[in-house]
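Now for the letters of each chain:
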Amino acid sequence: MVLLHIGDDAIQALSWSVETASDSQFEALGAAAVSVVLGLEREDTALVGPEFEEMDVDFIKRTYSALVCLFLEAAKNDLSQTEVGLFLRSECGFGEAQGDLLARLFLGKKDELRGLLSQTANHSYLPQLEGVEWRLEYCVPAPDNPSVRELLYKVCLKTVNREEGREDKLEFIASVEELQDLVSRLKDACKSVERAVQR
């Protein structure tokens, strides 16, 4: 069995789409996903055509997103056409014809997708976090609505761009809930990195 970590949402979207989409619709969605990822088209032009007119908008969004995840993860793991087809059949309930169709589409663009992933793996051009400062601010209620009182955090992220030798700051205001959400997402990111390193 081939394991790809594309997320439960993507697997559910692909499983759900098996019962709904025709081969030509899968081919159109797969071609659009690859075309957009490779920067050959924009979403608003790639997802237009006779095949898409018959599909529900939510279906297009979910399946398209799942296919993007599938193709990128398969390229990252250097899977073969057979392995992609096997994953689609075993994990997503695809029939042999539909699984092979998407697997062939992937194989035709695999080298380009891997080339794109190798380019994005170089993050030296991105600024690196050097420090964080924060302070608590109190939102003073307006005269017309004295019941509104809110605690806000002013956060300053200090960054440095090593390539350019430039220091910078990114400042933003966040409520308690927004800051808790940010911390939660950062913890999720750390756990994902730890899982990827352990694989």
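Residues numbered from 1 in each chain as written. Predicted model: local features only at pLDDT ≥ 70, side-chain atom pairs only at ≥ 80, totals over all residues. Heavy atoms only, no water.

(A) Representation of the overall build of the protein chain in the model. A tally of regular secondary structure across the protein chain gives eight helices and three strands. Put simply, the protein chain runs from its N terminus to its C terminus through helices and strands in the order α-α-α-α-α-α-α-β-β-β-α. In summary, the protein chain has a C-alpha radius of gyration of 22 Å against a globular reference of 16 Å for 199 residues, an excess of more than 25%. The principal-axis extents of the C-alpha atoms in the protein chain amount to approximately 65 × 45 × 35 Å. Here the protein chain holds 199 residues, and the buried ones make up 31% of them. Restricting to contacts in the protein chain with at least 6 residues of sequence separation, those with at least 24 account for 61%. In the protein chain, 21 positive and 36 negative side-chain charges are present, and the distance between their average locations comes to 7 Å. (Helix = DSSP H or I, 4+ residues; strand = E, 2+ residues; numbered from the N terminus. Rg over C-alpha atoms; globule rule 2.2 N^0.38 Å. Buried < 20%, exposed > 50% of the residue type's maximum accessible area, 1.4 Å probe, protein only. Contact = heavy atoms within 4.5 Å. Lys, Arg positive; Asp, Glu negative; His and termini not counted. Charge placed at Lys NZ, Arg CZ, Asp CG, Glu CD.)

(B) Seen up close, the layout of surface pockets. Quantified by volume, the second largest pocket comes out at close to 170 Å³. Together, Leu129, Val132, Trp134, Val155, Leu157, Phe172, Leu179, Leu182, Val183 and Leu186 line the second largest pocket. Looking at the lining of the second largest pocket, the elements with two or more residues in it are strand S1 (128–139), strand S2 (150–161) and helix H8 (176–198). Element by element, the count of residues in the lining of the second largest pocket is highest for H8, at four residues. The residue inventory of the lining of the second largest pocket, partitioned by class, reads ten nonpolar, no polar and no charged. (1 Å grid on protein atoms, 1.4 Å probe; cavity = no way out; pocket = protein on both sides within 12 Å on 5 of 7 lines; lining within 4 Å. Points joined across faces, edges and corners; volume = space filled by probe spheres on them. Nonpolar A, V, L, I, M, F, W, Y, C, P; charged D, E, K, R; others polar.)

(C) Structural context of a nonpolar patch on the surface. Taken together, the side chains of Leu129, Val132, Trp134, Leu136, Tyr138 and Leu151 define a hydrophobic patch exposed on the protein surface, amounting to about 650 Å² of accessible area. When residues in the nonpolar patch are grouped by element, the largest group, five residues, is from S1. Take Val132: it is sitting in strand S1. Of the residues examined, Val132 reaches a relative accessible area of 48% and is grouped as partly exposed. (Patch = residues over 30% accessible without salt bridge, like charges linked within 9 Å, V, L, I, M, F, W, Y side chains within 5 Å. Areas by Shrake-Rupley, 256 points an atom, 1.4 Å probe, with all protein chains shown as cover. Salt bridge = Lys/Arg side-chain N within 4 Å of Asp/Glu carboxyl O.)

(D) The arrangement of helix H2 (residues 23–37) in detail. Taking 1.5 Å per residue, 15 residues should reach 21 Å; H2 reaches 21 Å between its end C-alpha atoms and fits that length. Among all positions in H2, only Gln25, Phe26, Ala28, Leu29, Gly30, Ala32, Ala33, Val34, Ser35 and Val36 are buried. Contacts from the buried residues of H2 go to helix H1 (8–18), helix H3 (43–46), helix H4 (50–53), helix H5 (57–76) and helix H7 (96–120). Among the residues trailing H2, Gly39 stands out with phi positive, at a value near 80°. (Expected span 1.5 Å × (residues − 1).)

(E) Looking closely at the sheet that holds S2. Spatially, three strands are ordered S1-S2-S3 in an open sheet, and the strand pairing comes out antiparallel. Either end of the sheet is taken by a strand with one partner, and the two such strands are S1 and strand S3 (166–175). Averaged over all pairs of adjacent strands, the angle between strand axes in this sheet comes to 20°, irrespective of strand direction. Pairing of S1 with S2 involves eleven bridges; the strand directions are antiparallel. If you follow Tyr138 over to S2, its bridge partner there is Leu151. (Pairing = 2+ DSSP bridges. Axes fitted to C-alpha atoms, helices over the stretch in contact; angles between N-to-C directions.)

(F) Spatial organisation of the pattern of salt bridges. Applying the stated criterion to the full structure yields nine salt bridges. One salt bridge in this structure joins Asp78 and Lys110, with 2.8 Å as the shortest N-O distance. Of this pair, Asp78 sits in the loop between H5 and helix H6 (81–92) while Lys110 sits in helix H7, and the two are 32 residues apart along the sequence. What makes Asp78 partly exposed here is its relative accessible area of 40%.

(G) Expanded view of the environment of Asp78. As for Asp78 and Arg114, which are separated by 36 residues in sequence, their C-alpha atoms are 7.9 Å apart. Residues contacting Asp78, with those up to four places away along its chain left out, are Glu83, Lys110 and Arg114.

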